[in-house]
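# An overview of the molecular structure
Listed here are the chains, written in short residue letters.
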Amino acid sequence: MGKALDGVRILDFTHVQSGPTCTQLLAWFGADVIKVERAGAGDITREQLRDVPGADSLYFTMLNHNKRSVTIDTKNPEGKLVLEALIQKCDVLVENFAPGALDRMGFTWERIQELNPRMIVASVKGFGPGPYEDCKVYENVAQCVGGAASTTGFDDGPPVVTGAQIGDSGTGLHLALGIVTALYQRTMTGRGQKVLAAMQDGVLNLCRVKLRDQQRLERTGVMKEYPQYPNGTFGEAVPRAGNASGGGQPGWILKCKGWEHDPNAYIYFITQAPVWVKICNVIGREEWATHPDYATPDARLPRLKEIFAEVERWTMTKTKFEAMEILNEHDIPCGPILSMKEIADDESLRKTGTIVEVEHPVRGKYLTVGNPIKLSDSPTEVTRSPLLGEHTDEVMAELGYSREQIDALRTAGAI
Ligand code: COA
């Protein structure tokens, strides 16, 4: 069976996490992704957080599946010529260097256009144009400047970053959409274009509901679904909402049986309005179904703390999985807090290819997250990440270099 992006060639000039996330997705959709790395060293993550001596780290292997690796010294004049040949052959150049690095290498947008006017040049940067555009940015910086940290955590504590890599992987995902959109537009215009996904913008896009709340706060001075209501105070900016749910269906994380020794014996519980009567019945507070202080969503808002405490008295008598089973029977939305260990062992995630076991020639078997986006006509087979420079000769030959030329370039240190 063919793949959605069969025939698309990507010059993958990415490193660390944000860019590689993007090109890995494109590879899973069938693009030929040629990762250009610095000879001898490669993507810095190959050796970061290493758990098997001498083997590429999980950090690298889990972000670079289905790619080919070539090593080119792009600061060497002859290496530059090899890169030029690649630019002429590829459809998209993806990079996430620090601002200005590609220009300093001599590959400005104008130069790339001269070499290949159909080339799409896609970049992740920390910030878009403005006062901070020259700054280097990593994940947690993006979470802080994109509004996630100021709105995450509890009201009486400091800002908190989330474990989900919304700055890096989130922005890579945004960039991938920009690239396929530009490829689509190119089918009509014949021209390439620049695609920029700034990490601050990507995080802010994922924090859209918090900018919504900022405006609600300014208008009304209070947000009734936040835990600060009715007893706490609201300031000028959206406060941290703890575990409250973002929308109009109040939720909270509640203890389950075993919470004293298991840090993940908890469940997320949502008091969805349409199933309120069922909730009352399940927790044994049938009278709340009709009591004027509890029967309507508005009446419940100032009493959420008390209500969740009562629901928790019930959830503490069940394991998180027992609670989920019972609640699901009644259509009550909830979610057990799954540990990474439980997720790694989850049979259904393995069946769908979301968790995949991959064989690597140096490190052996490891688990990875497969393609989370499933296309019925373009299935994903996850293959291992490339060794450093594993495909240099193969790609050079495809570019038309002879055996002798390849050897000479290697001797010159260009590849
Ligand atoms: N041959 C020769 N030189 C190469 C090369 C190659 N194949 N590949 C990269 N280089 C050079 C670059 O030209 C650059 O040189 P310069 O500084 O002389 O211009 C240098 O390697 C390092 O690139 P840089 O991106 O500055 O790496 P860094 O380790 O200093 O910074 C980041 C890392 C992530 C902070 C930075 O790349 C960045 O801000 N990227 C954009 C935002 C981003 O993606 N952040 C999230 C990362 S998960």
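So, a few notes on the structure that sits alongside this text. Source: prediction; values computed, not measured.

## Quick word on the overall build of the chain
When helices and strands are counted, the chain shows 17 helices and 11 strands. For the chain, the spread of C-alpha atoms along the principal axes amounts to about 85 × 45 × 40 Å. When contacts within the chain are restricted to residue pairs at least 6 apart in sequence, long-range pairs at least 24 apart make up 65% of them. Roughly 20,700 Å² of accessible area belongs to the chain as shown, and the carbon and sulfur atoms make up 55% of that amount.

## Comments concerning the sheet that holds strand β3 (residues 67–71)
In spatial order, the strands read β3-β2-β1-β4-β5-β6; together these six strands make up an open sheet with parallel pairing. Of all strands in the sheet, those with a lone pairing partner are β3 and β6 (194–198), marking the two edges. Recorded for the sheet is a direction-independent mean angle of 20° between the axes of neighbouring strands. Inspection of the sheet shows strand β1 (residues 9–13) paired to strand β2 (residues 32–37) by four bridges, in the parallel sense. Across the sheet, the residue bridging to Ile 10 is Val 33, located in β2. In the packing of helix α3 (residues 77–89) onto the sheet, contacts are made with β1, β2 and β4 (92–95), and the angle to β1 comes to roughly 140°. Along the sheet, helix α7 (residues 169–189) contacts β4, β5 (120–125) and β6; its crossing angle with β6, the most-contacted strand, is approximately 160°.

## A few points about the environment of Glu 78
Along the chain, Glu 78 falls in helix α3. Placed 26 residues apart in sequence, Glu 78 and Val 52 show a C-alpha to C-alpha distance of 35 Å. The contact partners of Glu 78, leaving out residues within four places of it in the chain, are Leu 409, Ala 412 and Ala 414.

## A look at the layout of surface pockets
Computed from the structure, the largest pocket encloses a volume of approximately 880 Å³. In terms of lining, the largest pocket is formed by 34 residues, of which the most central are His 15, Arg 38, Asn 96, Phe 97 and Ala 98. Elements with a contribution of two residues or more to the lining of the largest pocket: β2, α4 (101–104) and β5. Top element by residues in the lining of the largest pocket is β2. It accounts for three residues. Of the volumes computed, that of the second largest pocket is approximately 750 Å³. Lining the second largest pocket are 24 residues, and of these Gln 17, Thr 21, Leu 63, Ser 169 and Val 369 sit closest to its centre.

## Section: the sheet that holds strand β9 (residues 334–336)
An order of β7-β8-β9 is seen for the three strands of this open sheet, with the pairing classed as antiparallel. Both edges of this open sheet fall to β7 (251–255) and β9, since each of them pairs with a single strand only. Neighbouring strand axes in the sheet, compared pairwise and without regard to direction, differ in orientation by 20° on average. Summarising the sheet, strand β8 (residues 266–270) and β9 pair through three bridges and their orientation is antiparallel. Each residue of the ladder has a partner; that of Tyr 268, found in β9, is Gly 335.

## Topic: helix α9 (residues 208–220)
Compared with an ideal rise of 1.5 Å per residue, which puts 13 residues at 18 Å, α9 spans 19 Å between its outermost C-alpha atoms and is within 8% of the ideal. For α9, the full list of buried residues reads Lys 210, Asp 213, Gln 214 and Leu 217. Each buried residue of α9 lies within a common arc of 110° when the element is viewed along its axis, so the set occupies one face. Every exposed residue of α9 that faces more than 90 degrees away from the buried side is listed here: Arg 208, Arg 219 and Thr 220. Taken from the residues just after α9, Gly 221 is the one with a positive phi, measuring 75°.

## Digging into a positive patch on the surface
Judged by side-chain charge, Arg 38, Lys 75, Arg 104 and Lys 136 come together as a positively charged surface patch. Relative to the helices and strands, Lys 75 resides in the loop between β3 and α3.

## Digging into the pairing of β2
Most of β2 is tucked away, with five of its six residues classed as buried. The sheet contact formed by β2 and β3 spans five bridges and is parallel. Of the residues in β3, the one forming a bridge with Lys 35 is Ser 69.

## Re the packing of aromatic side chains
One pass over the structure, following the stated rule, counts six aromatic pairs. A centroid spacing of 5.1 Å and a plane angle of 45° characterise the contact between Phe 127 and Tyr 132, whose relative ring orientation is tilted. Its relative accessible area of 48% is what places Tyr 132 among the partly exposed residues. Relative to Tyr 294, the ring of Trp 288 has its centre 4.3 Å away and its plane inclined at 15°; by these criteria the two rings are stacked. For Trp 288, a relative accessible area of 2% corresponds to the buried category. Through successive ring pairs, a cluster of aromatic residues spans Trp 276, Trp 288 and Tyr 294. The ring of Trp 276 carries the charged tip of Arg 300 above its face, separated from the ring centre by 4.0 Å. One cation-aromatic arrangement involves Arg 363 over Tyr 366; the distance from NZ or CZ to the ring centre is 6.0 Å.

The rules behind these values
Residues numbered from 1 in each chain as written. Predicted model: local features only at pLDDT ≥ 70, side-chain atom pairs only at ≥ 80, totals over all residues. Heavy atoms only, no water. Helix = DSSP H or I, 4+ residues; strand = E, 2+ residues; numbered from the N terminus. Contact = heavy atoms within 4.5 Å. Areas by Shrake-Rupley, 256 points an atom, 1.4 Å probe, with all protein chains shown as cover. Pairing = 2+ DSSP bridges. Axes fitted to C-alpha atoms, helices over the stretch in contact; angles between N-to-C directions. 1 Å grid on protein atoms, 1.4 Å probe; cavity = no way out; pocket = protein on both sides within 12 Å on 5 of 7 lines; lining within 4 Å. Points joined across faces, edges and corners; volume = space filled by probe spheres on them. Expected span 1.5 Å × (residues − 1). Buried < 20%, exposed > 50% of the residue type's maximum accessible area, 1.4 Å probe, protein only. Arc of directions from axis to C-beta. Patch = residues over 30% accessible without salt bridge, like charges linked within 9 Å, V, L, I, M, F, W, Y side chains within 5 Å. Salt bridge = Lys/Arg side-chain N within 4 Å of Asp/Glu carboxyl O. Lys, Arg positive; Asp, Glu negative; His and termini not counted. Charge placed at Lys NZ, Arg CZ, Asp CG, Glu CD. Phe/Tyr/Trp six-rings, centres within 6.5 Å; stacked < 30°, edge-to-face > 60°. Lys NZ or Arg CZ within 6 Å of the ring centre and 35° of its normal.

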